Amino acid sequence: MNEIKESLKETFLAGVKAVAPDQALMSHVSFDSGTSILACGAGTYNLDSGRVYVVGAGKGVAPMAKAIENLLGNRIDKGFVVAKKGHELPLDLIAAGSASHPVPDEAGVEAAGKILELAGELGPDDLLICLLTGGASALTTRPAQGLTLADLQKTTALLLGSGADIAEINALRKHLSTFGGGRLAQAANGAKVLTLIVSDVIGDDIGTIASGPTAPDTTTYADCMAIIEKYQLENKLPPTVLKVIRGGLAGQVGETPKPDAVFFQSVQNVLVATNAQAIAACAAKAKDMGFEPMIVPAPMQGEAIKAADAICGQAMALQSTAAARPFCLLAGGETTVTLPDNPPPGGRNQEMALAAALRLDGAPGIYALFASTDGNDGPTDAAGGYAVPDSLIKLGGRDNAFVSLKRHNANAALIKSGDIFRTGPTLTNVMDLAVVIVCMGACPR
């Protein structure tokens, strides 16, 4: 069984390696030092025409910043990036800081201020290179007028435990902060903006990733109020937050920049790594190891328990029709968990692993791994967890596993069973991956 766990791990890590931010960035940009031309996507930028500033935020921003340093060297005039604490790397030309994630802290407020200040120094002849990966929203929280950090900390915690998806959470963040929702691009005074993005959202919407600091915002205060009502948060949110949202609805608070804003004409947003790329790499690795890869076309989303149940159902159906051929079922996306007040430590992937163990109920020949590509599942040091045929035995039976799941105590349960999965910070983030090996007889190695 340990060999099969190793196959699951190797498949997952192949996906993570394929979306390493530094390699992803370098596959999309080139620089000719002789002509001083930086090329990326549909844009070319003459670095002799003005200053070059580099800013960024996210769990994987440090390797991206290192790569751009190596590419441009002293053509970089100034820069600052902020990473999640524990996800830093030493940089030579670009200043760096760290902040708390997923609940913001004062360091994130200061980081957002520094980045906006740098953008404000630029003009039409200059270039702002912006590096973004998942996690940037929390790392660049800068409260809107009338709000405090404490207001946003409470709001973030409530949203994270409400069952809201990342698009809904970031719609609120964009309207309660002065950094996201296109405001970084707005602050750049008409400078050319090149944003290189590692996507951590389903559908890869650039307006949602990192709360879209250089992208037009299509959400509104009305959308924010609808989200608040959907998750019944009106009586839980700080009154100041509701005042801002209602002020926006009444036209007393300005909207975020929309697609018709003139300054977006100088902005190019480029996706450099996605969950789909990670899944493709997982599939190639699985095939190399003797498994027939099968990719689930629909993304994992919604409540973690239901998503795990659906994937396990597909694996069991596949096993019943697959004759003797071993398969590797692959899925990607990001689920949610609706939490009570003061829950024990855990994460959506660990919850999926525990739910899968219950759903599979010791079924022979099915082995699963659910994990976050950033190496941090919720506020824990785990990336996720395994569900294997003897998981319930190691947990002391179905009843114990069910109680742990009901109490959202998956982290402690998986540690007890030895099914916890740890990678440490991977310095990337393209949401989550599910890797499920399905065999009738002996699995290949």
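It should be noted that the structure appears before, not after, this text.
Note that this is a predicted model, so its numbers are computed, not measured.

(A) How the structure looks around the overall build of the chain. Along the backbone of the chain there are 16 helices and 15 strands. Relative to the compact-globule value of 22 Å for 445 residues, the chain shows a C-alpha radius of gyration of 22 Å, a close match. Overall size of the chain, expressed as C-alpha extent along the three principal axes, is 65 × 55 × 35 Å. Each of the 445 residues in the chain was classed as buried or not, and the buried ones make up 58%. Across the chain, the fraction of contacts at a sequence separation of at least 24, relative to all contacts at a separation of at least 6, is 81%.

(B) Summary view of the sheet that holds strand β2 (residues 37–40). Taken together, the three strands give an open sheet; going across it, the order is β1-β2-β3, and neighbouring strands pair in antiparallel fashion. Edge strands, defined here as strands with exactly one partner in the open sheet, are β1 (29–32) and β3 (43–46). Direction aside, the axes of adjacent strands within the sheet are offset by 15° on average. Sheet topology note: the β2/β3 ladder contains four bridges and is antiparallel. If you follow C40 over to β3, its bridge partner there is G43.

(C) Region of the structure containing the packing of aromatic side chains. Counting across every chain of the model gives three aromatic pairs. Geometrically, the ring pair formed by F12 and F421 is edge-to-face, given 5.4 Å between the ring centres and 85° between the ring planes. On the criterion of sequence distance, the pair formed by F12 in helix α1 (residues 2–18) and F421 in strand β14 (residues 420–421) is long-range, its members being 409 residues apart. Of the two residues, F12 and F421, both sit in the buried class. Ring centres of Y386 and F421 lie 5.5 Å apart, and the angle between their planes is 75°; this geometry places the pair in the edge-to-face category. One end of the pair, Y386, is in strand β13 (residues 384–387); the other, F421, is in strand β14, with 35 residues separating them in the sequence.

(D) Quick peek at the nonpolar core. Counting 58 residues, the largest nonpolar core has L38, I68, L72, I129, L131 and L196 as its most contacted members. Sorting elements by how many residues they give to this core places helix α3 (residues 61–72) first, with seven residues. What I68 contacts, discounting residues up to four positions off in sequence, is L25, V54, G73, I76, I94, I129 and L131. Counting residues in each nonpolar core, the second largest holds 37 residues, with I311, A315, M352 and L405 among its members.

(E) View of the pattern of salt bridges. The tally for this structure, following the rule as stated, stands at 20 salt bridges. Taking the shortest distance from any N to any O, the salt bridge between K174 and D217 comes out at 2.8 Å. Pair noted here: K174 is in helix α7 (residues 166–176) and D217 is in the loop between β8 (192–198) and α9 (221–230), with a separation of 43 residues, a long-range link. Where R359 meets D309, a salt bridge forms, and the shortest distance between an N and an O atom there is 2.7 Å. Pair noted here: R359 is in helix α13 (residues 348–360) and D309 is in helix α12 (residues 304–321), with a separation of 50 residues, a long-range link. Relative accessible area serves as the criterion here: at 36%, D309 is assigned to the partly exposed category.

Rules used throughout
- Residues numbered from 1 in each chain as written.
- Predicted model: local features only at pLDDT ≥ 70, side-chain atom pairs only at ≥ 80, totals over all residues.
- Heavy atoms only, no water.
- Helix = DSSP H or I, 4+ residues; strand = E, 2+ residues; numbered from the N terminus.
- Rg over C-alpha atoms; globule rule 2.2 N^0.38 Å.
- Buried < 20%, exposed > 50% of the residue type's maximum accessible area, 1.4 Å probe, protein only.
- Contact = heavy atoms within 4.5 Å.
- Pairing = 2+ DSSP bridges.
- Axes fitted to C-alpha atoms, helices over the stretch in contact; angles between N-to-C directions.
- Phe/Tyr/Trp six-rings, centres within 6.5 Å; stacked < 30°, edge-to-face > 60°.
- Core = buried A, V, L, I, M, F, W, Y, C linked by side-chain atoms within 4.5 Å.
- Salt bridge = Lys/Arg side-chain N within 4 Å of Asp/Glu carboxyl O.

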